[in-house]
Amino acid sequence: YVAASETCALDIIGATFLRQVEPGEIVTIDDKGLHSIKPFPAARPRPCIFEHIYFSRPDSYVTGSSVYQVRKNIGRELARESPVAADLVIPVPDSGTPAAIGYAQESGIPFELGIIRNHYVGRTFIEPSDQIRHLGVKLKHNANRWELAGKRVVLVDDSIVRGTTSVKIVDMVRSAGAAEVHMRIASPPT
């Protein structure tokens, strides 16, 4: 038996997904097999929305759903709720990408990579100071100027935590020559 926080970890090692650990369940594994107890009274599940919006890898399966499909469906809904005339749908990579794909598919506006992500930089929202977070944003993302120049852009991101990244990303897209920037956030208000 193998226990993992995400199903994509099972795929990597060739394990078969059996089931998720239930809320309030304690699972033990010993030489006699897998054992489960539920010592707490049943309660309504309260999963964290950020598992589907941001934390989980898109190739994982969480609370009965494909994370990738949930994110694309959120993007589709976002296009229905917040339409705008534009030339391109651009994701804030990487976690905004599936929602941007859904937005583009629903709206009929072409999807392009207008921001390129440096994969050698970690998550910037957890850095301890504004100065380090701002530098992290510059190191993490770069505008693809040739796609953005003169275009009306729908910029799709997964969520807003502090807002500092969003401001910098919008400024970067504007500085790259976008004629208009329309920010859309996939995460519903909490």
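Structure: above.
In this report, the structure presented in the accompanying data block is examined. (Residues numbered from 1 in each chain as written. Predicted model: local features only at pLDDT ≥ 70, side-chain atom pairs only at ≥ 80, totals over all residues. Heavy atoms only, no water.)

**Regarding the pattern of salt bridges**
One pass over the full model with this rule turns up six salt bridges. For Arg80, the salt bridge identified is with Glu106, shortest N-O distance 3.2 Å. Of this pair, Arg80 sits in helix α3 (residues 67-81) while Glu106 is found in helix α4 (residues 97-107), placing the two residues 26 residues apart along the sequence. One salt bridge connects Arg152 with Asp87, and the closest N-O pair in it is separated by 3.0 Å. (Salt bridge = Lys/Arg side-chain N within 4 Å of Asp/Glu carboxyl O. Helix = DSSP H or I, 4+ residues; strand = E, 2+ residues; numbered from the N terminus.)

**So, the nonpolar core**
Ranked by internal contacts, the top residues of the largest apolar core, which has 15 residues, are Ile90, Ile115, Leu148, Leu155, Ile169, Val173 and Val181. For this core, the elements supplying multiple residues, two or more each, are β5 (88-91), β8 (152-157) and α7 (164-175). For Val173, the contacting residues outside a window of four places in its chain are Ile115, Leu148, Leu155, Ala178 and Val181. If you look at the next biggest cluster of nonpolar residues, it comprises twelve residues, including Ala86, Val89, Tyr103 and Val156. (Core = buried A, V, L, I, M, F, W, Y, C linked by side-chain atoms within 4.5 Å. Buried < 20%, exposed > 50% of the residue type's maximum accessible area, 1.4 Å probe, protein only. Contact = heavy atoms within 4.5 Å.)

**Here we look at the packing of aromatic side chains**
Enumeration over the complete set of coordinates arrives at three aromatic pairs. Between Phe17 and Tyr61, the aromatic rings sit 5.8 Å apart at their centres with planes inclined by 65 degrees, giving edge-to-face as the arrangement. Highlighted residues: Phe17 in the loop between α1 (7-13) and β1 (26-30) and Tyr61 in strand β3 (residues 61-62), separated in sequence by 44 residues. We classify Phe17 as partly exposed; its relative accessible area is 34%. In this structure Tyr61 comes out as partly exposed when scored by relative accessible area, which is 37%. Their ring planes at 70 degrees and their centres at 5.6 Å tell us that Tyr54 and Phe55 sit as a pair that is edge-to-face. Connected via pairs of aromatic rings, a cluster forms that spans Phe50, Tyr54 and Phe55. (Phe/Tyr/Trp six-rings, centres within 6.5 Å; stacked < 30°, edge-to-face > 60°.)

Geometric values such as these leave the question of function open.
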